[in-house]
Amino acid sequence: MTVEITRPAGRGNAPASPKTQAAGPRSFAQLARRSETGALIGTLGVFIFFTIFGGEQFLASGGTASWLNIAAELGIIAIPVGLLMIAGELDLSVGSVLAASSMTLATVSGFWGLPMIVGILAALAVGVGTGFINGILVSRTKVPSFVVTLATNFSLVGLTLGFSRVVTGTTSVPIAPDAFSKSVFGTLIAGQFEVAIFWCLAIAAVIAWILQMTKYGNWIFAVGGDAESARATGIPVTKVKVGLFMASGFGAALVGVIQTILYNGAQVSNGQSFVFNSIIAVVIGGVLLTGGYGSVWGIILGTMTFAIVSQGIYYTGWNSDWASLILGILLLAAVLMNNTFRKLALSSGLGTKKLKG
C-alpha cells in the first residue's frame, strides 16, 4: 500500500515516515534527505581526524574547551545569520555590529561609569537597531542584502572608530564589570569553559522550536523558497525579513557583550573575522546559499566543525596555515553535499507539495 503524505510548504527537512511504512531502507533514505546529515558527517570526520593526529592533548579538557568556546561564540552569531540565509538573505555587518556593541558597553559602563545594565542594554540596542535599518533598507530599496549589509559594515566600522576617538581618545577601552554581569556573561566554568556555551545552547533550543513548531518558522522557509509566492499567500515578507535582520544584529551584539565582559575591555578592531566565519559555518551546517533549506542543529554542527578545524590544527604540530586549506575543502564539499541532499528531498516523491526545505 502506498501512503501519500501532504506536507506543509516551508519545512527544512523531509517528513518522518508514517507508521504504515517500513523502517529500514526508508528510514535511511529519510536520514539522507535531512539538511543536517552532511554537517554531522563533516563534524564526525574532522573530530576523528584530529583525535588521531592531535592525540591526548586535543581530547583533554583544555583542548575541548578551546574549540567549544569558539563554537559557542560563533554559534550565537551563526544561528540568526543562518535563519537569514534560509530566508534568502545575507548579513555581512555582524563584524562591525560586534565591535560597535562592544565599544558601546565599554564606553557607557567603563569610560562613563554608568551601571552595567545600562551599558549592556545600550550595546544590545545598537545591534537590534542596526538590524532594523538593514531590514528596512533591503525590503524598501530592493537592493541585494549583500550590498546593503556590506555598506553597513564599512559605515559602522568608521562610525565606531570616529566615535571612540572623539569620546574616549583611544580605540581600546577597559571596563571593570560587576560580579553579577561577570557570572552571567563573562565567567569561565572550571577555569576553561566559557558561559557562552550555555547561551548558545539556549538560543539554539529556542530558535529550533520556533523554526520547526510555529507558523513563523514556516514563514521563514516559505520566504526563502519563493518570496513573491509567500507574499501572495498573505505572509508578511517584509516583517519576517526585518525581524530576522534584527535577530542577526542581536546575536552579534550579544557576543560583543560577552567578549567585553570576559576580557574586561573592548577594541574597535574586534569582530571582523565573524563576518565570513559565520557564513562558512552556516554553509557547512547544511544551509543552502539560495535559501529555503536548513536547520538550527545543522548550523550548530557547522560551527563545531569550523571550531574543531581552526583549533585542532594546533594540536597536530602542523603549520596553522593548513587549517585554511581544510576549511576551504570542507566548504566546497558542504556546498556539493547540500545540493545533493536538496535534490534527494525534492525527488523523493514523499510530498504532494513542493518542498521549501
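Just above sits the structure.
Residue indices begin from 1 for each chain and proceed along its sequence in written order. Two thresholds apply to this predicted model, a pLDDT of at least 70 for residue-level local features and 80 or more for giving and counting side-chain atom pairs, whereas whole-chain, interface and lining totals are computed over all residues. Side-chain figures throughout are based on the complete set of non-hydrogen atoms in the structure, without hydrogens or water.

## A few points about the packing of aromatic side chains
- Only rings of Phe, Tyr and Trp enter the pairing, Trp through its six-membered ring, and a pair is recorded when the two centres are within 6.5 Å. The plane angle decides the type: under 30 degrees is stacked, over 60 is edge-to-face, the rest tilted. Under the criterion given, the structure shown has nine aromatic pairs.
- Between Phe58 and Tyr315 the ring centres are 6.2 Å apart and the planes differ by 65°, which places this aromatic pair in the edge-to-face class. Of this pair, Phe58 sits in helix 2 (residues 37-59) while Tyr315 sits in helix 13 (residues 296-316); the two residues are 257 residues apart in sequence, bridging distant segments of the chain.
- Relative accessible area decides the class of each residue, using a 1.4 Å probe on protein chains only: under 20% of the type maximum gives buried, over 50% gives exposed, and in between gives partly exposed. You can call Tyr315 partly exposed: its relative accessible area is 22%.
- Judged by centre distance (5.4 Å) and plane angle (10°), the ring pair of Phe185 and Trp199 falls under stacked. Separated by 14 residues along the polypeptide, Phe185 in helix 7 (residues 179-185) and Trp199 in helix 8 (residues 196-213) bring together distant segments of the chain.
- A residue is classified by how much of its surface remains accessible, and Phe185, at 12% relative accessible area, is buried. The helix count covers DSSP runs of H or I at least four residues long, the strand count covers runs of E at least two residues long, and both are numbered beginning at the N terminus.

## Remarks on the environment of Phe146
- Residue position: Phe146 is located in helix 6 (residues 145-167).
- Distance in space between the C-alpha atoms of Phe146 and Glu89 is 7.6 Å, their sequence separation being 57 residues.

## Comments concerning the packing of helix 3 (residues 61-86) against helix 8
- Axes, fitted as lines to C-alpha atoms, cover a helix only where it is in contact. Angles between the N-to-C directions of the axes lie from 0 to 180 degrees. One way to put it is that helix 3 packs onto helix 8 with a least axis distance of 8 Å and a crossing angle of 25°. It follows that helix 3 is roughly parallel to helix 8 by the angle criterion. The interaxial crossing formed by helix 3 with helix 8 has left-handed handedness. Listed contacts from helix 8 to Leu68, Asn69, Ala71, Ala72, Glu73, Gly75, Ile76, Ile79, Leu83 and Ile86 of helix 3 are Ala196, Ile197, Trp199, Cys200, Ile203, Ala204, Ile207 and Leu211. Should an angle fall under 35 degrees it is taken as roughly parallel, and over 145 as roughly antiparallel, whereas 65 to 115 is taken as roughly perpendicular and any remaining angle as oblique. By convention, the crossing between two helices is left-handed when the near helix turns anticlockwise from the far helix through less than a right angle, and right-handed when the turn is clockwise. Contact between two residues is taken to exist if any of their heavy atoms lie within 4.5 Å; hydrogens are not considered.

## Remarks on the packing of helix 8 against helix 9 (residues 215-225)
- Put simply, helix 8 and helix 9 touch, their axes get as near as 5 Å, and they point 75° apart. Overall, the two elements helix 8 and helix 9 adopt an arrangement that is roughly perpendicular. Between helix 8, through Ile210, Leu211 and Gln212, and helix 9, the contact on the second element is made entirely by Tyr216, Gly217, Asn218, Ile220 and Phe221.
- The residue inventory of the contact of helix 8 with helix 9, partitioned by class, reads five nonpolar, three polar and no charged. Here the nonpolar group is Ala, Val, Leu, Ile, Met, Phe, Trp, Tyr, Cys and Pro; Asp, Glu, Lys and Arg are the charged ones; every other residue, Gly included, is treated as polar.

## Quick word on a nonpolar patch on the surface
- Patches here: salt-bridge-free residues with over 30% relative accessible area, like charges joined within 9 Å, nonpolar side chains (Val, Leu, Ile, Met, Phe, Trp, Tyr) joined within 5 Å. What sets the accessible areas is the Shrake-Rupley method with a 1.4 Å probe; for residues, cover comes only from the shown protein chains. Here a salt bridge means any side-chain nitrogen of Lys or Arg lying within 4 Å of a carboxyl oxygen belonging to Asp or Glu. Residues Leu40, Leu44, Phe47, Ile48, Ile52, Phe53, Leu59, Trp318, Trp322, Leu325 and Ile329 make up a contiguous nonpolar surface patch of roughly 1100 Å² in combined accessible area.
- Only helix 2 and helix 14 (321-346) provide two or more residues apiece to the nonpolar patch.
- Here the nonpolar patch takes seven residues from helix 2, the largest share from any one element.
- Locating Ile52 in the fold gives a position in helix 2.
- Take Ile52: its relative accessible area is 60%, and that puts it in the exposed class.

## Focus: the pattern of salt bridges
- Enumeration according to the criterion identifies two salt bridges in this entry.
- Residue Glu89 pairs with Lys241 through a salt bridge whose shortest N-O separation is 2.6 Å. You can see Glu89 sitting in the loop between helix 3 and helix 4 (94-111) and its partner Lys241 sitting in helix 11 (residues 237-263), a full 152 residues away along the chain. Lys241 matches Glu89 in its accessibility class, with the two residues each being buried.

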